[in-house]
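An overview of the molecular structure
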Amino acid sequence: VGHGTIDLARSSVSGEFWMHTTELKGYPKAVDLSNAQFTTVELIGDPPPGFLDFTSATADFFKDSAGYWRGGDVILDGFEYRSIEMKRVTVRQREQWLSRAMQASRRKPGGDHDGYLPQPYDQLAAAYRRAGDDAAARRIQLAKYKRRNRVTSWRRWYSKLWNIVQDAAIGYGYRPLRAFLWLVGLLALGIVLFRYFATPIWIASGHHTFTLSDSAGYTLDLLLPTSALQERNVWQSANGLGEVAAASLVVFGYLLTATVFAAIAHVLQRE
């Protein structure tokens, strides 16, 4: 039973290093493994009350027990590993593992950051990518940006609001299907609205019935900033509801386009 902090900082183990943590009582820090080097490090048993500090440690393979997937605090600041335990542990559990690590890092002495560090997220995403699980890597990257926006204050409200829009519209580039779903949803809404509730009128002389296909073309022309359909040169809103709806679709179209290009730029820069 270890009642105080076990100090293994700067240690080096060329083979396998196993640590049974069930009976460790040290608090707030149970084990100091900062700047240590391992080939394989494995945590066995239940998490202790205090945290395990892996700050700037390195390992070829990191393995932890099921107890750490559900609880416990492991500080991961600068911890580098090539591969990590992936059997039986879900990506969601790893997301929660990282979230607890952010909180523990903030509580440790000298942990004066705002509760967000990008490196642990990038490290885990890289491990998933090396294992060939690109979907899990994208999910961890998305969790990173969600975490960043969660801890960002509203003092820079414009930046926080833009991040919320990027998350909702396209998941910071890691959920490209969202943009398509937004486009389909807004298109369907516009078709119904302009066909049955705010039917535009024909600008030119004469009379032309506003059909369902006209409604689809008109809505699409509003949504796409560079549309070549030219439907807005043929039809105009007949009432206030139509004016508001048309202006809103134009705004949504520009926002959706901007978030798509911003997300593509971010993803290409990271990859």
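Everything discussed here concerns the structure shown above.
Cut-offs and rules
- Residues numbered from 1 in each chain as written.
- Predicted model: local features only at pLDDT ≥ 70, side-chain atom pairs only at ≥ 80, totals over all residues.
- Heavy atoms only, no water.
- Salt bridge = Lys/Arg side-chain N within 4 Å of Asp/Glu carboxyl O.
- Buried < 20%, exposed > 50% of the residue type's maximum accessible area, 1.4 Å probe, protein only.
- Pairing = 2+ DSSP bridges.
- Helix = DSSP H or I, 4+ residues; strand = E, 2+ residues; numbered from the N terminus.
- Core = buried A, V, L, I, M, F, W, Y, C linked by side-chain atoms within 4.5 Å.
- Contact = heavy atoms within 4.5 Å.
- Axes fitted to C-alpha atoms, helices over the stretch in contact; angles between N-to-C directions.

Things to note about the pattern of salt bridges
A complete count under the given rule lists nine salt bridges for this structure. With a closest N to O distance of 3.9 Å, Glu23 and Lys25 form a salt bridge. Glu23 gets classed as partly exposed once you look at its relative accessible area, which sits at 40%. Ionic pairing is found between Asp32 and Lys29, a salt bridge with its closest N-O pair at 3.7 Å. For Asp32, a relative accessible area of 12% gives the class buried. Through salt bridges with shared partners, a single ionic network connects Lys29, Asp32 and Asp53.

Let's talk about the sheet that holds strand β1 (residues 6-7)
Backbone hydrogen bonds hold the strands of a sheet together, and the pairing may be parallel or antiparallel. Pairing within the open sheet is parallel, and its four strands lie in the order β1-β3-β5-β7. Each edge of the open sheet is held by one strand with a lone partner, namely β1 and β7 (74-75).

Focus on the nonpolar core
Counting residues in hydrophobic clusters, the biggest one holds 35 residues, and the most contacted among them are Phe54, Phe62 and Trp97. Listed by contribution, the elements that provide at least two residues to this core are β2 (12-20), β3 (29-32), β4 (37-44), β6 (58-63), β8 (80-84), α2 (91-107), α3 (118-130) and α4 (134-151). Excluding residues within four positions of it along the chain, Phe62 makes contact with Val41, Leu43, Phe54, Phe79, Tyr81, Ser83, Ile84, Glu85 and Trp97. The next biggest cluster of nonpolar side chains, apart from the first, holds twelve residues, and it includes Leu193, Phe194, Tyr218 and Leu249.

A closer look at the sheet that holds β6
Spatially, β2-β4-β6-β8 is the arrangement adopted by the four strands of the open sheet, whose pairing is parallel. Edge positions in the open sheet fall to β2 and β8, since each of these has one partner strand only. For this sheet the average axis-to-axis angle between neighbouring strands, irrespective of direction, equals 20°. Here seven bridges tie β2 to β4, and the two strands are oriented parallel to one another.

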